[in-house]
Amino acid sequence: MAPAQRDDASAVAREFALGGEVLSASPYGSGHINDTFLVRTTPGSGPTRFILQRINQNVFRRPDELMANVERVCAHAYAKLRAAGAPDAERRTLRLIPTRHGRAWLGEGPADRWRCYHFIDDATGHDVVRAPEQAFAAAKAFGAFQSLLADLPGGRLHETIPDFHHTPARFARFRQALDVDAHGRAAAAGPEIAFALARADEVAVVTDALRDGRLPERVTHNDTKLNNVLLDDATQEGVCVIDLDTVMPGSVLYDFGDLVRTSTSPAAEDETDLSKVTMQFPMFAALVRGYLESTRGFLTPAEKSLLPFAGKLITFEIGLRFLTDWLEGDTYFKVRRPGHNLDRTRTQFKLVASIESQLPAMQALVDRT
Ligand code: ADP
Ligand code: GN1
Ligand code: MG
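Quantities reported herein were computed from a predicted structural model and do not represent experimental measurements.

Engineer: How would you explain the coordination of the magnesium ion (ligand 3) if you had to name every residue and give the values?
Structural biologist: Coordination sphere of the magnesium ion (ligand 3), protein contribution only: N228 (OD1) and D243 (OD), at 2.2 to 2.3 Å. Separated by 15 residues along the polypeptide, N228 in the loop between β6 (218–220) and β7 (229–232) and D243 in the loop between β8 (238–241) and β9 (248–250) bring together distant segments of the chain.

In structure tokens:
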């Protein structure tokens with residue numbers, strides 16, 4: 001996808017019912033998928049900051065289904081929070097700003113799809129975890145989000161990316177990319193490829209259990225990295241879960257697993273000094289406490305027991321996806337330097353190794369909680 005131009009984004013922002021005049025639209029955030037802009041307006045009847053996003057249609061092939069999901073999820077979450085008397089429901093869930101023509105999003109046919117959200121003030125999405133309190137807050141917020149959507153009316157959500165967390169399918173795609181080696185890159189990733197191949201027999205644990213009914217399907221977020229929940233700048237409390245593009249049927253283990261991947265290591269996802277990458281046990285303990293606090297009412301014993309393994313599985317799966325994208329020529333994730341996806345792979349696999357060495361202790365903690 002061509003990088004979005006600022007001028008484009010300002011012009012697009014004027015298509016939405018923002019209340020004031022658009023002053024600027026600047027690239028914003030560190031997401032790997034969509035083009036995100038912070039829009040500023042003159043004071044009108046309401047707020048002066050908004051988030052404008054162009055949906056990545058290379059990744060999301062059915063953007064109208066995606067937006068239909070987002071619309072339903074936002075409406076349900078907001079209605080429930082208000083009904084529960086939450087004093088700050090406006091900050092606790094994303095809300096779509098309609099277009100000037102009263103539509104929930106902009107674009108149709110082959111055109112780009114754009115949407116606009118209220119800006120959540122005084123809260124931040126962190127790329128790296130700094131304190132157990134942040135891990136606790138993030139896990140509690142994602143658990144509460146699952147709880148909020150447990151009674152979503154209107155039938156099953158669309159699968160915005162089929163088999164998104166089907167680890168065996170991800171593994172098969174990796175094998176295929178390795179066989180083809182279209183860019184002659186496999187030779188440079190010998191240790192990473194060997195690491196992946198050595199773990200082939202563990203990839204189906206969760207998908208098999210879902211298929212056999214040993215684990216329930218639920219509405220899950222599926223992209224619970226730490227920077228996809230905004231934490232209050234003053235209190236570090238979880239304020240708002242964002243990035244709703246992959247909210248769809250899934251397993252809670254996908255969500256908890258990605259929290260372990262992104263909220264236990266003190267190193268960035270693309271850190272090149274691997275000595276910094278480690279699964280910090282106090283962060284894991286905080287994740288477990290936070291997550292169980294908001295999910296105790298519905299989590300089954302089978303789900304709870306697999307929480308530690310899920311951390312390993314999802315970290316491995318995302319590492320596998322980075323490695324596959326590297327082998328396929330960097331067509332999926334945004335990259336900012338040569339070898340970026342390979343660096344990300346190494347970080348994920350180092351973290352997998354760290355989790356593996358602590359898995360018995362992680363399991364013991366969960367089992368006695
Ligand atoms: P991507 O799918 O590319 O990750 P996100 O939806 O996560 O895109 O948005 C990118 C970044 O923009 C987030 O990490 C967050 O910092 C910021 N952001 C997104 N929505 C909002 C919002 N409503 N209010 C404030 N910041 C937001
Ligand atoms: C992407 O959209 P973003 O940057 O929050 C990706 C996730 C990966 C993550 C790795 C739709 O998340 O699946 O885990 O990068 N999202 C999609 O950082 O593929
Ligand atoms: Mg994001």
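From this point, the narrative continues.
Engineer: Summarise empty space enclosed by the protein; cite the residues concerned and give the values.
Structural biologist: One pass over the structure, following the stated rule, counts 2 cavities of 30 Å³ or more. As for the largest cavity, its lining consists of R199, E202, V203, F309, K312, L313 and F316. Taken together, the residues that form the lining of the largest cavity break down as 4 nonpolar, no polar and 3 charged. There is about 40 Å³ of room inside the second largest cavity. A77, R92, T93, L94, F145, L148, V241 and L244 are the residues that line the second largest cavity. Looking at the lining of the second largest cavity, its residues break down into 6 nonpolar, 1 polar and 1 charged. Taken domain by domain, the makeup of the lining of the second largest cavity includes at least three residues from each of domain 1 (3–119) and domain 2 (132–368).

Engineer: Provide a residue-level description of the nonpolar core, including the pertinent values.
Structural biologist: What tends to happen in soluble globular proteins is that the nonpolar side chains get buried as a cluster. One finds V70, L244, L253, F256 and F284 to be the most contacted residues of the largest nonpolar core, which totals 78 residues. Mapped onto the domain boundaries, this core takes at least three residues apiece from domain 1 (3–119) and domain 2 (132–368). If we ignore the near neighbours within four places in the chain, the residues touching F256 are F284, L287, V288, Y291 and L307. Residues A177, L178, L342 and V352 belong to the second largest nonpolar core, which totals 18 residues.

Engineer: Just give me the short version of the layout of surface pockets, but keep the residues and values in it.
Structural biologist: The gaps left among the atoms become clear once a water-sized probe is rolled over them. By volume, the largest pocket is sized at about 840 Å³. Taken together, 44 residues line the largest pocket, and the ones lying closest to its centre are G31, N227, N228, I242 and D243. Elements supplying a minimum of two residues to the lining of the largest pocket: β3 (49–54), β4 (114–118), β5 (123–124), α8 (252–263) and α11 (307–327). When its residues are assigned to classes, the lining of the largest pocket shows 19 nonpolar, 15 polar and 10 charged. In terms of domain composition, the lining of the largest pocket takes at least three residues from each of domain 1 (3–119) and domain 2 (132–368). The set of elements that each furnish at least two residues to the lining of the second largest pocket consists of α5 (167–180) and α11. Sort the elements by how many residues they give to the lining of the second largest pocket and α11 lands first, with 4 residues. Of the residues assigned to the lining of the second largest pocket, the class counts are 7 nonpolar, 4 polar and 7 charged. Counting contributing residues, the lining of the second largest pocket receives three or more from each of domain 1 (3–119) and domain 2 (132–368).

Engineer: Residues and numbers for the packing of aromatic side chains, please.
Structural biologist: Within this structure, the stated rule accounts for 10 aromatic pairs. Aromatic pair Y28 and F119: ring centres 6.0 Å apart, planes at 65°, arrangement edge-to-face. Taken together, the residues Y28 in the loop between β1 (22–27) and β2 (35–41) and F119 in the loop between β4 and β5 connect sequence positions 91 residues apart. We classify Y28 as partly exposed; its relative accessible area is 39%. For F119, a relative accessible area of 15% gives the class buried.

Engineer: Requested: an account of the side chain of Q134, with residues and values cited.
Structural biologist: Summarising the element assignment, Q134 is placed in helix α4 (residues 132–148). Within the structure, Q134 has its side chain in polar contact with the side chain of Q236 (distance 2.8 Å).

Engineer: Can you lay out the site of ligand 2 for me, pointing to particular residues and giving the numbers?
Structural biologist: What surrounds ligand 2 is a group of 17 residues, the closest being H32, K225, E269, R321 and Y332. The contact in question runs from an oxygen atom of ligand 2 to an N or O atom on the side chain of R261, over 3.4 Å. A distance of 2.5 Å is found between an oxygen atom of ligand 2 and a side-chain nitrogen or oxygen belonging to Y332. For ligand 2, whose free accessible area comes to 440 Å², the fraction covered by protein is 97%. The site holding ligand 2 turns out to be the largest pocket. A per-element tally of the shell around ligand 2 places α11 first, with 3 residues. Grouping the constituent residues of the shell around ligand 2 by class yields 7 nonpolar, 4 polar and 6 charged. Both domains that furnish three or more residues to the shell around ligand 2 are identified here as domain 1 (3–119) and domain 2 (132–368).

Engineer: Tell me about α5, and name the residues and values.
Structural biologist: Its 14 residues place the ends of α5 20 Å apart at the C-alpha level, agreeing with the 20 Å of an ideal helix rising 1.5 Å per residue. For α5, the complete set of buried residues consists of T167, R170, F171, F174, A177 and L178. Around the axis of α5, the buried residues are gathered within 120° of arc, so they sit on the same side. Exposed positions of α5 whose direction lies more than 90 degrees from the buried face are D179 and V180. Looking at the buried side of α5, the elements it contacts are α6 (190–197), α7 (205–211) and α11. Following α5 by one or two positions, D181 has its phi on the positive side, about 40°.

Thresholds, definitions, all that
- Residues numbered from 1 in each chain as written.
- Chains lettered and ligands numbered in written order.
- Predicted model: local features only at pLDDT ≥ 70, side-chain atom pairs only at ≥ 80, totals over all residues.
- Heavy atoms only, no water.
- Donors = N, O, S within 2.8 Å, 3.2 Å for Na, K, Ca; no water.
- Helix = DSSP H or I, 4+ residues; strand = E, 2+ residues; numbered from the N terminus.
- 1 Å grid on protein atoms, 1.4 Å probe; cavity = no way out; pocket = protein on both sides within 12 Å on 5 of 7 lines; lining within 4 Å.
- Points joined across faces, edges and corners; volume = space filled by probe spheres on them.
- Nonpolar A, V, L, I, M, F, W, Y, C, P; charged D, E, K, R; others polar.
- Domains from an automatic or database assignment.
- Core = buried A, V, L, I, M, F, W, Y, C linked by side-chain atoms within 4.5 Å.
- Buried < 20%, exposed > 50% of the residue type's maximum accessible area, 1.4 Å probe, protein only.
- Contact = heavy atoms within 4.5 Å.
- Phe/Tyr/Trp six-rings, centres within 6.5 Å; stacked < 30°, edge-to-face > 60°.
- Polar contact = N/O pair within 3.5 Å; in protein donor to acceptor, adjacent residues only side chain to side chain.
- Near = heavy atom within 4 Å.
- Areas by Shrake-Rupley, 256 points an atom, 1.4 Å probe, with all protein chains shown as cover.
- Sits in = over half its atoms within 2 Å of the grid points.
- Expected span 1.5 Å × (residues − 1).
- Arc of directions from axis to C-beta.

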